[in-house]
Structure formats: C-alpha cells, structure tokens
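# What the coordinates show
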Amino acid sequence: MRNIKEINGAWLFSKESRDVPKSLPQGWESVELPHTWNGEDGQDGGNDYYRGKCLYARSLSRSELPDGDCIYLQLDAVNSSAEVYFNGKKLAEHHGGYSAFRMELTDIKDENLLVVAADNSPNETVYPQQADFTFYGGIYRSVKLIGVPAEHFSLDYYGAPGISVTAQPVEKGADISVKAYTDKEAEVLFEIYDAEGKLLESNSVVGASPEYKFHLETAHLWNAVEDPYLYSARAVMKSSGDEIKTRFGIRSFKFDASRGFILNGREYPLRGVSRHQDRPKIGNALKLEHHKEDIDLICEMGANTVRLAHYQHAQEFYDLCDERGLVVWAEIPYISRHMRTARENTITQMTELIAQNYNHPCIVTWGLSNEITMGGAADKDMIENHRILNDLVHKMDKTRPTTMAVVTMCDPASEITSVSDILSYNHYFGWYGGNVEMYGPWFDDFRKKYPNRVIGISEYGCEALDWHTSEPAQGDYTEEYQAYYHEEMIKQISARPYLWATHVWNMFDFAADARAEGGENGMNHKGLVSFDRKYKKDSFYAYKAWLSDELFVHICSKRYVERVEDVTSVTVYSNLDYIELYANGELVEKQSRGKFPFFKFKVKNSGETELLAKCGDYSDQSRIVKVDEFNEKYRMKEEGAVINWFEISTPPGRYSVNDTIGDIISTFKGKLFAVKILLMISKAFSSGSDGKKKKGGTSIAGFKVNKTMLDIAKGFTLKRALMMMGGKFTKEDIIKINSMLNKIKKR
C-alpha cells in the first residue's frame with residue numbers, strides 16, 4: 001500500500017532572505033500552504049508586483065512521515081521555478097509554475113529541514129514571461145509526502161500517476177487498455193470497476209511497464225454534462241502490494257469542418273468559457289472549495305466546455321470537470337512572445353501536461369500555444385518549435401488532436417496556423433476595434449477559403465464594471481454594452497454550428513497587474529462574473545438563458561437605477577416561453593419568446609417605478625427612478641486618464657475624436673484628414689527614443705499592418721486608438737487633433 005500525507009501547515013516564509021538556511025530559521029513569517037506573496041501587489045496595478053526569489057522552510061520529523069520504505073516529496077505547483085533542499089542538500093529543481101513534480105527523500109534523520117526556494121523572477125528560459133495576467137509567485141498548491149514499498153510503481157516520470165488508461169467504444173462495448181509504469185519487470189494485477197465500485201474485469205500480467213487489454217461487452221459512455229459516467233482502473237504490484245488507481249471515461253469524439261464537435265456519434269456544439277483561476281488577496285493559492293464554487297458557476301450558466309487557460313490547472317479542477325461533464329481544452333503557457341532560449345521548457349511543460357492529465361476523459365485537445373504570433377507569424381524558430389510540440393503530442397497521445405489559439409492579426413494563410421490539427425481564433429471585434437457584427441462574416445469567409453479546416457473561437461469578450469448607460473457604446477466599460485455585445489455574439493454563434501467550440505473570455509474577472517483600464521487598475525474585467533465571484537453580470541444571464549435548462553427570469557441593469565430619459569429600455573433575460581412586465585403593478589406588455597431569449601421593453605420613466613418581470617411562478621424585480629441630470633457615478637472615471645470626456649468638444653454636425661475611424665473616413669475630407677494622421681502615426685512609430693528612424697517594414701506597435709488590422713481600426717474611436725499607442729500622443733496632441741476634426745462636416 002502507498003500512503004499519502006499533505007504537509008501544508010507549519011511553514012516559515014521569507015521574502016528577504018537569500019541564503020538557504022542550515023537550521024530552522026528564526027523571525028520568518030508563519031504561513032499555511034497554499035501561499036503566494038503577490039496576493040495584493042499583483043492585483044493593484046502599476047506592473048510593480050514583486051518578482052524574485054523567496055524561501056519557504058519547514059521542519060520535518062521522522063514521526064511525521066507516512067509509512068513506507070521510500071518517501072517521495074510531491075509539490076503540486078511552485079511558480080515559476082523551484083529549488084528543493086533537504087538537510088542542506090539540493091535535491092531537485094523545476095522550471096514551470098503550473099505542474100507537479102516529485103523527488104525521493106534520502107538520508108532521512110529524526111529531525112529534518114525542508115527548504116523550497118520559489119522564484120518568479122523574469123527568466124528568458126521559462127514560460128510565461130509576457131502575458132495579460134499576473135505571474136503569482138509562491139508554493140500555491142499542496143505539498144505531499146508519498147510513502148511506498150521498496151518495489152513500487154514509477155514516481156519519477158514527469159509527475160505522472162504511474163497508470164494510464166485508453167478506452168475506445170466498440171459497438172455496444174468498449175476496448176480498454178490499462179498500462180502501469182514500473183522501473184523493472186513486475187507482476188501486476190489489473191482491475192476495472194464501474195461507478196458503483198463493482199469489479200467488472202481483472203487479470204495479471206508480468207513485464208516491465210506491463211499493459212493489459214480488456215473488452216467490455218457493454219459500456220456506459222461518458223456523455224458530457226448529460227451523463228458523465230466514470231469507471232475506475234486499479235493496478236496492484238503483487239510483490240509489494242503497492243497500489244495505484246485512476247478514474248476514466250469511455251467516449252468517442254471527433255472534429256468536423258462542417259459539423260463541429262461530435263461526441264459519441266452525435267453533433268455536440270461546445271459552447272462555454274475560458275477560466276483563469278485567481279481570486280482577490282490569495283491569487284492562485286486556491287483551496288478545493290474555490291474550485292467547486294467556480295465549476296458550480298460555470299455549470300449554472302449552462303456551459304458544456306471550458307478552456308483552461310493559459311497553463312496547467314489544478315488536478316482538483318480537472319477531476320471536477322470529469323465529474324460534471326465539462327469538455328476541456330488544456331494548454332501550456334507558451335504565450336504572447338516566442339523565446340528562442342525557452343524551447344526546452346515548452347517541451348517539458350507539454351510532457352508534464354499530458355503525462356499528468358492523460359486519463360481525464362474531459363480533455364479532448366491539447367493546446368500548443370496562445371497568441372504566440374503577437375510579434376509576427378514568420379519566425380522560423382517559432383514554427384519549428386510548434387512542429388516539435390505537435391509531434392510530441394502525437395507521440396504521447398494518439399487519441400487527442402492539437403489546437404492553437406491564434407490572435408486576430410495572424411493571417412489564416414500563415415504557415416503557423418497549419419501546424420496544429422484544429423484551430424481557433426482570439427477575436428475582439430467590437431472591443432479592440434472593429435464592430436461586433438464582424439464575427440460571423442469573418443468565420444464564414446474563413447470557411448469559404450478553407451472548407452476542410454476545423455475552426456472555432458478561443459476568445460471573445462469585452463469589459464464591464466459598475467458603469468451604466470442608456471446608450472451603450474464600444475469602449476465605455478458599461479454593463480449594458482457588455483450585455484449587448486454578448487447578445488450579438490450569441491446570435492452569430494447560433495447560426496454557425498460548424499464552429500467546433502466557442503469560449504467566452506472570460507468566466508471571471510482576473511488580475512493583470514500591468515493593466516490600467518476601466519477605472520480599476522490591475523484587473524481584466526472581461527469576466528461574466530466578478531473577481532470575487534459575488535456578482536453575476538447581466539451577460540452571465542444572457543448565456544444562462546441561451547444554454548441552461550434551469551428556468552429563471554432576470555431583469556438587467558439593476559445597478560442602473562437613476563435615469564434621465566422619459567421612456568427607458570428594460571431588458572429581461574429568460575429561457576421561459578413568455579414574459580409579462582409590470583410597472584408599479586400595471587402590465588406594460590406581455591412578450592412571447594422569439595428566436596433568442598432576450599426580451600426588450602419600453603417603460604415610461606416617471607418618479608419611482610417598481611418593475612416586475614414574471615412568467616408563471618418565476619419572477620424578478622427591479623426599480624428605476626427619474627432624475628433630471630445624469631448621475632456621474634454611473635460614468636467611468638479613469639485614474640490618471642490621459643483625457644476626460646468633458647474635455648472633448650463635439651460641435652453638432654461636426655466630427656470629433658469620439659467618432660470612429662470608419663465614420664471619419666466615410667467623407668472625402670475625412671479621408672484627407674486620415675492621411676495626415678497616418679503620417680503622424682507612422683512618424684511616431686518609425687523613430688526610437690533617440691529620435692533616429694528605425695529599420696523594418698510597415699508595422700505599428702509590433703504588428704504588421706494588413707487588411708484585417710485596417711478593418712478592425714475602423715471600429716475604434718480615434719481618441720481610443722490614439723490613447724492606446726503607448727503614450728506616443730499626449731493630451732495636448734489629442735485636443736489639437738480634435739480641433740482639426742471639428743472643422744469637418746459629418747456626412
């Protein structure tokens with residue numbers, strides 16, 4: 001038997017000490033694992049959170065050790081690099097902050113000192129180094145001791161469980177191959193159990209890393225959220241009694257360019273979200289209850305898939321996805337910027353991801369990279385790195401395809417996009433330029449050009465905080481615009497079943513310490529749910545109405561109470577057949593559900609109005625109040641903003657920097673003006689800080705200018721475009737440009 005014991009308590013921590021202590025240190029902070037030192041400074045903005053080496057120490061007496069002839073130490077995750085010392089001797093180092101690793105403890109004394117140096121310093125050999133999220137340092141998952149007999153299943157292969165199961169449905173039954181990994185020849189007993197614990201099959205095999213193939217006459221399929229049935233496989237080493245066990249599911253799946261994702265022979269459109277794991281104050285240092293709360297919210301929304309971005313997530317969460325039937329895209333943090341010095345790290349992280357997660361039936365694809373072409377798609381070393389990873393995945397796992405999340409600016413004809421088996425794009429039309437109506441036509445055009453390529457949407461979304469308006473507009477960070485945006489996305493996705501998967505970015509708000517947007521620094525607010533998981537934004541309910549079978553009624557814009565207009569719009573989301581809306585007890589209107597579960601009402605706004613939306617026993621309430629002037633608490637105020645809304649003059653019938661680039665260039669004089677601005681932009685980006693002209697092709701902020709970029713740019717307001725150019729245009733520059741625009745008549 002093997003014995004496993006967590007040692008998450010009684011740790012000491014120091015951010016200041018640099019030398020590995022030889023005895024239990026005095027004066028260090030007492031901490032419990034999981035732990036991060038960036039729980040606050042990694043979430044408050046400024047991109048100034050501490051990135052460096054910190055030390056953890058713990059005494060470990062022989063009496064604390066689990067029974068076993070050999071004792072292994074397992075760290076479930078240390079970000080980003082780790083060095084492990086036992087009684088002053090360096091036992092191991094590990095590079096990659098999201099996967100488990102192990103080592104054997106030797107020369108054990110009655111009293112021992114365990115020290116872990118965790119280091120999230122910038123490092124050009126370890127991914128990630130550039131990404132839109134905080135790289136929390138620390139031992140942020142559990143630490144375990146594993147006691148095993150002298151003869152035991154392998155614990156030395158990339159943190160893997162030592163047992164792998166491959167299950168393939170065959171007619172009504174299934175063929176199941178179970179392999180156990182050993183360091184030498186051994187006799188192993190293999191057993192298969194159903195979900196109720198009933199023994200179905202057993203057999204013994206002798207060999208080095210032996211494998212046995214079972215055939216089940218009847219098989220209960222893992223059928224995603226409808227019926228996520230799980231079997232178990234057990235392996236016992238006859239000579240020592242060492243035992244390992246894993247759960248698995250029996251399912252078939254494939255990807256089709258016309259039909260999308262197919263599960264167990266039927267079309268099964270994957271519609272869901274991406275997930276970042278962090279939370280306020282604790283960063284990535286999560287406990288099981290946090291993972292359970294996250295998956296409960298994802299399932300409440302009605303999602304059937306989750307992209308676990310942009311790194312390996314905790315085993316507890318993959319287990320929950322198995323149990324709840326969520327289909328998973330799993331990936332490594334090969335992201336944003338290709339580093340020629342870090343190829344080996346991508347190989348190691350991919351090997352760990354697959355070795356540690358092969359048995360999870362929820363996983364259907366391995367992600368090679370995310371937005372790796374941010375600096376261009378032609379880098380031959382980057383392409384070769386992807387081909388190496390692609391071949392590695394196919395060698396390790398012949399049952400799952402590879403995929404990539406490609407950034408908008410990457411031309412689908414680029415060589416890099418043809419490396420993976422299937423593909424998805426990260427698009428933000430309607431937020432970072434363009435408009436929300438561009439999604440459908442873009443993907444239809446892709447399908448016409450590449451009818452045999454499987455395509456999906458790996459990211460789409462926009463940001464929303466507690467800002468509100470009756471006239472939502474792109475870039476206003478209001479809850480109303482986010483709701484409108486996702487309504488439009490639902491309509492376009494519904495019409496395109498060929499999309500193998502669509503993943504909202506993101507399920508939850510998350511920390512990105514370099515950000516300064518929306519009036520709250522250090523955060524990405526694209527979540528459908530707030531960072532603390534306490535508030536479900538209206539867009540959450542738009543998806544719940546579309547995807548979930550749980551009947552409900554939700555009135556939108558509850559936080560937008562004071563309104564100036566005489567007649568106001570009220571939106572209700574519901575998956576019921578009709579909605580009756582009452583204002584102060586009087587029926588305003590009864591609407592039947594149309595093609596989509598979005599109900600739109602017009603309500604007179606006078607005095608105080610209590611709103612009630614209902615259908616049978618299901619209802620929701622809200623209120624609005626008539627005011628004479630717009631309440632500025634609803635309008636975004638950015639700390640340290642370059643320019644404020646009230647400083648922009650907007651004469652009637654004249655253009656201003658608040659107009660979109662597309663509108664401005666719709667007139668002849670507007671086109672002439674655009675040429676002047678483009679010359680200014682080109683000049684700003686063609687000169688370095690020393691004023692000397694840079695060499696290179698036509699690019700802005702590192703992106704090659706192409707038709708897609710120009711189409712996207714048309715959706716930006718000129719003010720927003722200029723403000724996003726890294727400080728190249730000052731407040732005075734923008735006001736001057738606005739004055740020039742004020743002289744041009746609108747069409």
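What comes next is a walk through the structure. The structure displayed is predicted, hence computed values, not measured ones.

### Thoughts on the pattern of salt bridges
Within the structure shown, the criterion is met by 48 salt bridges. The partner of glutamate 550 in a salt bridge is lysine 544, and the shortest N-O contact between them spans 3.6 Å. On the basis of relative accessibility, which here comes to 43%, the residue glutamate 550 falls in the partly exposed class. Residue lysine 746 is joined to aspartate 659 by a salt bridge in which the shortest nitrogen-to-oxygen separation is 3.1 Å. A residue pair is termed long-range when its members are at least 10 positions apart, and lysine 746 in the segment after α12 (731-741) and aspartate 659 in the loop between β40 (618-626) and α8 (661-664) qualify at 87 residues.

### Overview of the packing of helix α5 (residues 439-449) against helix α6 (residues 479-494)
Running from N to C, α5 and α6 cross one another at 30 degrees; their axes reach a closest spacing of 9 Å. Accordingly, the angle class assigned to the pair α5 and α6 is roughly parallel. Crossing angle aside, the handedness with which α5 passes α6 is right-handed. Contacts between α5 and α6 pair Tyr439, Gly440 and Pro441 from the former with Tyr485, Met489 and Gln492 from the latter. Here the residues of the contact of α5 with α6 sort into four nonpolar, two polar and no charged.

### Points about α5
Those residues of α5 that fall on the buried side of the exposure criterion are Tyr439, Gly440, Trp442, Phe443 and Phe446. For α5, the angular spread of buried residues about the axis comes to 165 degrees, placing them on one side. Exposed and facing more than 90 degrees away from the buried side of α5 are Lys448 and Lys449. Looking at the packing, one finds that the buried side of α5 touches β28 (423-426), β29 (455-459) and α6.

### Considering the side chain of serine 548
Tracing the backbone through its elements, the reader meets serine 548 in the loop between α7 (538-547) and β33 (553-555). Exposure remark for serine 548: the relative accessible area of 11% places this residue in the buried category. Beyond its immediate chain neighbours, meaning those up to four positions away, serine 548 contacts Glu300, Met301, Gly302, Tyr543 and Asn575.

### A few points about the pairing of strand β36 (residues 578-583)
Counting buried positions along β36 yields five of six residues, so the element is predominantly enclosed. Across six bridges, β36 lies against strand β37 (residues 586-592) in antiparallel orientation. For isoleucine 579, the partnering residue across the bridge sits in β37 and is glutamine 591. In sequence, β36 turns back onto β37 through a hairpin of two residues, with asparagine 584 there showing a positive phi of about 50 degrees. Strand direction decides the pairing type here: β36 and strand β39 (residues 608-615), joined by four bridges, are antiparallel. Counterpart to leucine 581 in the pairing with β39 is alanine 613.

### Some remarks on the environment of methionine 523
Along the polypeptide, methionine 523 turns up in strand β32 (residues 520-524). Considered as a pair, methionine 523 and phenylalanine 13 are 510 residues apart in the sequence and their alpha carbons are 27 Å apart. Excluding anything up to four places from it in sequence, methionine 523 contacts Gln43, Glu463, Asp509, Phe510, Ala511, Ala512, Arg515 and Phe531.

Cut-offs used in this document
- Residues numbered from 1 in each chain as written.
- Predicted model: local features only at pLDDT ≥ 70, side-chain atom pairs only at ≥ 80, totals over all residues.
- Heavy atoms only, no water.
- Salt bridge = Lys/Arg side-chain N within 4 Å of Asp/Glu carboxyl O.
- Buried < 20%, exposed > 50% of the residue type's maximum accessible area, 1.4 Å probe, protein only.
- Helix = DSSP H or I, 4+ residues; strand = E, 2+ residues; numbered from the N terminus.
- Axes fitted to C-alpha atoms, helices over the stretch in contact; angles between N-to-C directions.
- Parallel < 35°, antiparallel > 145°, perpendicular 65-115°, else oblique.
- Left-handed = near helix turned anticlockwise from the far one by under 90°.
- Contact = heavy atoms within 4.5 Å.
- Nonpolar A, V, L, I, M, F, W, Y, C, P; charged D, E, K, R; others polar.
- Arc of directions from axis to C-beta.
- Pairing = 2+ DSSP bridges.

Taken by themselves, the reported measurements are silent on function.
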